[in-house]
Each structure stands twice: as C-alpha cells, then as structure tokens.
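Next come the chains, spelled out residue by residue.
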Amino acid sequence: GEISGAPAQRIRAAIRDDMSGEERDKRVTEFILGSKASNAIVETVVAKPPAEKPVRLRGRIDQKAKKLGHEKFVVRASDIVGPVFPGRWRSSRKTDAVLEAPFVSETVASIDVPVGYSVGVGEGGKVSESFAEYSSGFAFRDGTLHFSRRLVVKERVISPAQWPAFRAFLDSIERIESVGI
C-alpha cells in the first residue's frame, strides 16, 4: 500500500535503511496492524522516496480463516490488513481532536484461495464526509481475492461539534470492514 502525509513522515523516521529484515518487519507490523496484532507482516519492503512522494509498503501476512462449518470459512479484511483507523476513539469530546492530517492511505491485499474453494465476495463500501473519505472493494479473479481500500483525511482538526459525524464515519467504516468474506 501507500502512505502519505504525517503518517508517512512517522514511518520514514521509524524505518532505517540499515535495519535487519526482522526488525523492519516488526516495525511495519506495529505501524500497520498495531502493537497488539495477532499476526505479523513479513518479507516487508519499504520504498522511501523523497518527502513529497508517498511511502510504499509491501509484505506478506499469513492469516487463517475462521471455520464456520464443513468446508465453510470466513475472514474479514480488517483481520488481514488491520484497521484503517487504529486506536480507540471517545464517544464525545469537549475539545478539538487533532489528527495526523491531511493524509492518504491506500491498502491493497491479494489473497490466494486454495484450489477447489470459492469465495463469496463482499461488496465493500464508500463513506464521504467533509473531513474524510473512505472507499473499499473486492474482486475475485483467477483464484485470487483482491481487496483494496482508500482513506483520505482532509482536515487536521475535528471540532466537538463535528465529533458525532466523525464517530458516525468511523462506525460506518467499521461496519463495512467487519463483513466477512
């Protein structure tokens, strides 16, 4: 995927060129999935072009699907690629929330499906507000499930008056990403 803006600056600072592959994998996993992730991103590649260009990340995640019944499994996109907005968010605010913004985050994941299995492809979704936009989608081609999502945060400061709309935006994203495939 690609990361730009303030989050890209943080990952540029966290990933050094002289890091071992294992250390780089650990830092990328913490950055993308959070410090308490149940899985890890391995074989990471981080391209750090000049500051005005997005940082490109690539890696592999091995994830097992949850078994629902005889030859029936489910997995959620957020289990594989992590939450689009990690962390916990209050239900209300009395002061402004300051986000690392503006920024764009694009995530693309390809999941190899075992031979003989089919996939019920999710629909993804789209949410747009004045302060941010989110879209995601799925496609199944040639035995591979493709997932992509894009988050654009346009405003750095979310006022207490905007907070209910921001929370509704986050809740909408969570509903979209919690649908199993």
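Just so you know, these numbers come straight off a predicted model, no measurement behind them.

Focus on the overall build of the protein
Looking only at helices and strands, the protein features four helices and 11 strands. Evaluated residue by residue, the protein yields a buried proportion of 35% over its 181 residues. For the protein, contacts bridging at least 24 residues in sequence account for 63% of all contacts bridging at least 6. Within the structure as shown, the protein displays about 11100 Å² of accessible surface, and the carbon and sulfur contribution to it stands at 49%.

Here we look at the nonpolar core
Core analysis: the largest hydrophobic core is formed by 19 residues, its most contacted members being Phe 85, Tyr 134, Leu 151, Val 153, Ile 158, Phe 166 and Phe 169. Residue assignment for this core shows that the elements contributing at least two residues are β9 (132–141), β10 (144–153) and α4 (163–177). Of all the elements, α4 adds the most residues to this core, at six residues. Beyond its immediate sequence surroundings of up to four residues, Ile 158 is in contact with Asp 96, Ala 97, Leu 99, Phe 131, Trp 163 and Phe 166. Formed by 12 residues, the second largest nonpolar core is a distinct cluster that contains Ile 11, Ile 15, Val 46 and Val 55.

Focus on unusual backbone geometry
The phi dihedral of Asp 142 falls on the positive side, at around 50 degrees, and the residue is not glycine. In this structure, Asp 142 sits in the loop between β9 and β10.

A short note on the sheet that holds β10
The seven strands lie next to each other as β2-β3-β1-β7-β10-β9-β8, forming an open sheet whose pairing is antiparallel. The sheet is open, and its two edges are formed by β2 (41–47) and β8 (125–128), each paired on a single side. Strand direction decides the pairing type here: strand β1 (residues 2–3) and strand β7 (residues 103–112), joined by two bridges, are antiparallel. The residue of β7 that forms the bridge with Glu 2 is Glu 106. Each of β1, β3 (55–61) and β7 is contacted by helix α1 (residues 6–14), which is oriented at about 70 degrees to β3, the strand it contacts most.

Looking at the pattern of salt bridges
Across all of its chains, the model carries seven salt bridges by this definition. Two residues, Asp 18 and Arg 16, come together in a salt bridge whose shortest N-O distance is 3.1 Å. Overall, the relative accessible area of 62% leaves Asp 18 in the exposed class. Between Glu 177 and Arg 149 there is a salt bridge whose closest N-O contact spans 2.9 Å. With Glu 177 in helix α4 and Arg 149 in strand β10, this residue pair connects regions lying 28 residues apart in the sequence. For Arg 149, a relative accessible area of 6% translates into the label buried.

Regarding the side chain of Arg 93
Residue placement: Arg 93 occurs in the loop between α3 (77–81) and β6 (97–98). Despite its burial, Arg 93 pairs with no opposite charge, the nearest such side chain being Asp 96 at 7.1 Å. Within the structure, the side chain of Arg 93 is placed 3.0 Å from the backbone oxygen of Thr 95, a separation counted as a polar contact. A polar atom in the side chain of Arg 93 sits 3.2 Å from the backbone oxygen of Asp 96.

Conventions used here
Residues numbered from 1 in each chain as written. Predicted model: local features only at pLDDT ≥ 70, side-chain atom pairs only at ≥ 80, totals over all residues. Heavy atoms only, no water. Helix = DSSP H or I, 4+ residues; strand = E, 2+ residues; numbered from the N terminus. Buried < 20%, exposed > 50% of the residue type's maximum accessible area, 1.4 Å probe, protein only. Contact = heavy atoms within 4.5 Å. Areas by Shrake-Rupley, 256 points an atom, 1.4 Å probe, with all protein chains shown as cover. Core = buried A, V, L, I, M, F, W, Y, C linked by side-chain atoms within 4.5 Å. Pairing = 2+ DSSP bridges. Axes fitted to C-alpha atoms, helices over the stretch in contact; angles between N-to-C directions. Salt bridge = Lys/Arg side-chain N within 4 Å of Asp/Glu carboxyl O. Lys, Arg positive; Asp, Glu negative; His and termini not counted. Polar contact = N/O pair within 3.5 Å; in protein donor to acceptor, adjacent residues only side chain to side chain.

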